[in-house]
Amino acid sequence: MLSVRIGFVGAGQMATALAQGLVKAEHVGEGQLMASDPSEEARQRFARTTGAKTTSENLEVVEHSDVVVLAVKPQQMPDVLAQLRGKIGTARLVLSIAAGVRSATIAQSLGTAARLARVMPNTPCLVGHGACAYCLAGTATASDGQLVGQILGSVGIAYQVEEKLMDAVTGLSGSGPAFAYIIMEALSDGGVRMGLPRQIATKLAAQTLLGAASMVLSSGEHPAVLKDRVASPGGTTIAGLQAMESGGVRAAMIAAVEAATRRSVELAAGS
């Protein structure tokens with residue numbers, strides 16, 4: 001069990017998912033958690049889900065915590081950072097999950113030599129299957145990095161990367177669930193086109209993607225190797241793969257990640 005107190009400035013879905021994951025993994029007890037939010041509904045949901053204390057005052061959370069998670073929307077970050085300016089020193093580790101807000105911006109706004117970690121989670125964190133990445137900044141230490149990895153590991157997998165790669169992470173795993181839903185929907189549409197009931201087609205498509213992803217993660221083999229094992233000579237799968245290549249599916253997926261990455265860069269430049 002971790003021996004730190006963790007506070008969330010913002011008690012939305014992602015904050016609640018992270019806190020719930022930490023409790024379920026028995027990394028912390030509910031007494032080690034606290035969250036603030038101006039929304040009473042959000043506070044009640046956080047408390048109901050995690051058993052932790054909540055408040056409407058951000059500074060109360062900071063005073064209570066060894067780790068402060070900034071879990072607010074990017075457009076809300078300037079006001080929150082202004083409120084916390086000068087209130088967070090090197091005694092606390094600060095995690096930001098606001099997409100596109102650079103570590104340098106956070107450090108400058110806080111006005112102290114803070115220990116910082118910028119984090120990019122994704123929505124499957126809500127069901128314990130997140131794909132996350134993080135980078136360290138400011139005066140953060142290697143031990144801080146291990147702690148961040150443990151926190152994120154409670155809701156999925158997490159990798160430490162250089163900050164210059166965080167936009168690519170946003171484009172891939174941050175936006176990726178939406179791309180996966182499109183593929184899932186298209187597979188379901190194909191099943192319906194061929195006569196399957198919609199409910200069955202959608203569940204088969206979802207389970208197929210889940211199973212394929214599990215095989216990649218559990219086997220450690222390249223997706224191309226696993227693909228070739230399904231595609232027997234002259235069979236149904238290779239015919240389908242040819243249709244996908246003719247439709248430009250591979251190029252479209254690569255372009256989607258590139259477009260999302262470039263948009264992340266643009267949003268950060270404007271923050």
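What comes next concerns the included structure. Per chain, residues are indexed from 1 in the order of the written sequence. It should be noted that, the model being predicted, local features are given only for residues of pLDDT at least 70 and side-chain atom pairs only at 80 or more, the latter also being counted only at that level, while totals for whole chains, interfaces and linings use all residues. Hydrogens and waters are ignored; side-chain quantities use all the structure's heavy atoms.

As a further point, take a nonpolar patch on the surface. Within the patch definition used here, like charges are joined within 9 Å and nonpolar side chains (Val, Leu, Ile, Met, Phe, Trp, Tyr) within 5 Å, considering only residues with over 30% relative accessible area and no salt bridge. What sets the accessible areas is the Shrake-Rupley method with a 1.4 Å probe; for residues, cover comes only from the shown protein chains. For salt bridges, the criterion is a side-chain nitrogen of Lys or Arg within 4 Å of an Asp or Glu carboxyl oxygen. A cluster of nonpolar side chains, contributed by Leu196, Ile200 and Leu204, occupies part of the molecular surface with about 250 Å² of accessible area. On the secondary structure map, Leu204 appears in helix H9 (residues 198-219). Only DSSP runs of H or I covering at least 4 residues are called helices, and only runs of E covering at least 2 are called strands; the numbering of each starts at the N terminus.

What follows covers the state of the cysteines. The rule for a disulfide is simple: a pair of cysteine sulfur atoms within 2.5 Å. If you walk through the whole model with that rule in mind, you get 0 disulfides. As a non-bridged cysteine, Cys132 has Cys125 as the owner of its nearest cysteine sulfur, 3.6 Å distant.

Now for the pattern of salt bridges. Overall, the coordinates contain 12 salt bridges when judged by the stated rule. One salt bridge connects Lys53 with Glu60, and the closest N-O pair in it is separated by 3.6 Å. According to the relative accessible area criterion, Glu60 is partly exposed, its value standing at 30%. Working definition: with a 1.4 Å probe on protein chains only, accessible area under 20% of the residue-type maximum means buried, over 50% means exposed, and in between means partly exposed.

What follows covers the packing of helix H7 (residues 166-174) against helix H8 (residues 176-193). Where H7 meets H8, the axes come as close as 5 Å, and the angle between the chain directions of the two elements is 30°. Regarding the angle of H7 to H8, the classification is roughly parallel. Each of Gly171, Leu172, Ser173 and Gly174 in H7 lies in contact with H8, whose residues at this interface are Gly176, Pro177 and Phe179. For the contact of H7 with H8, the per-class residue count stands at 3 nonpolar, 4 polar and no charged. Every axis corresponds to a line fitted to the C-alpha atoms, with the helix fit spanning only the stretch in contact, and the corresponding angles, defined between N-to-C directions, vary from 0 to 180 degrees. An angle counts as roughly parallel when it lies under 35 degrees, as roughly antiparallel when it exceeds 145, as roughly perpendicular when it falls between 65 and 115, and as oblique in every other case. We call two residues in contact whenever any of their non-hydrogen atoms come within 4.5 Å of each other. Each residue gets one label: Ala, Val, Leu, Ile, Met, Phe, Trp, Tyr, Cys and Pro are nonpolar, Asp, Glu, Lys and Arg are charged, and the others, such as Gly, are polar.

Paired strands, in this sense, are two strands between which DSSP finds at least two bridges. In terms of strand pairing, strand S7 (residues 130-138) meets strand S8 (residues 156-160) through 5 bridges, oriented parallel. Opposite Cys132, over in S8, you have Ala158 as the bridge partner. Here a crossover is taken to be right-handed if, once the strands point away from the viewer, the path from the first strand over the helix to the second is traced clockwise. Taken together, S7, helix H6 (residues 142-153) and S8 constitute a β-α-β crossover, and its handedness is right-handed.

Taken in spatial order, the 8 strands of this open sheet run S3-S2-S1-S4-S5-S6-S7-S8, and their pairing is mixed. Each edge of the open sheet carries a strand with a single partner, namely strand S3 (53-55) and S8. Across this sheet, the average inter-strand angle for adjacent strands is 25°, counted without regard to direction. Two elements, strand S2 (residues 33-36) and S3, share 3 bridges in a ladder whose sense is parallel. If you follow Ala35 over to S3, its bridge partner there is Thr54.

With that out of the way, let us pick up the nonpolar core. For our purposes a nonpolar core is just a set of buried Ala, Val, Leu, Ile, Met, Phe, Trp, Tyr and Cys residues, chained together by side-chain atoms within 4.5 Å. With 32 residues, the main nonpolar core has Ile6, Phe8, Val67 and Leu95 as its most contacted residues. Looking at which element gives the most residues to this core, the answer is helix H1 (residues 13-24), with 5 residues. Leave out the neighbours within four places in its chain, and Val67 touches Val4, Arg5, Ile6, Gly7, Leu93, Leu95, Leu147 and Ile151. Membership of the second largest hydrophobic core comes to 20 residues, among which are Val80, Leu84, Ala98 and Leu116.

The next subject is the environment of Glu30. Within the secondary structure, Glu30 is located in the loop between H1 and S2. A residue is classified by how much of its surface remains accessible, and Glu30, at 48% relative accessible area, is partly exposed. Measuring from C-alpha to C-alpha, the distance between Glu30 and Cys135 comes to 27 Å, with 105 residues separating the pair along the chain. When sequence neighbours within four positions are dropped, the list of residues in contact with Glu30 reads Thr50, Gly51 and Ala52.

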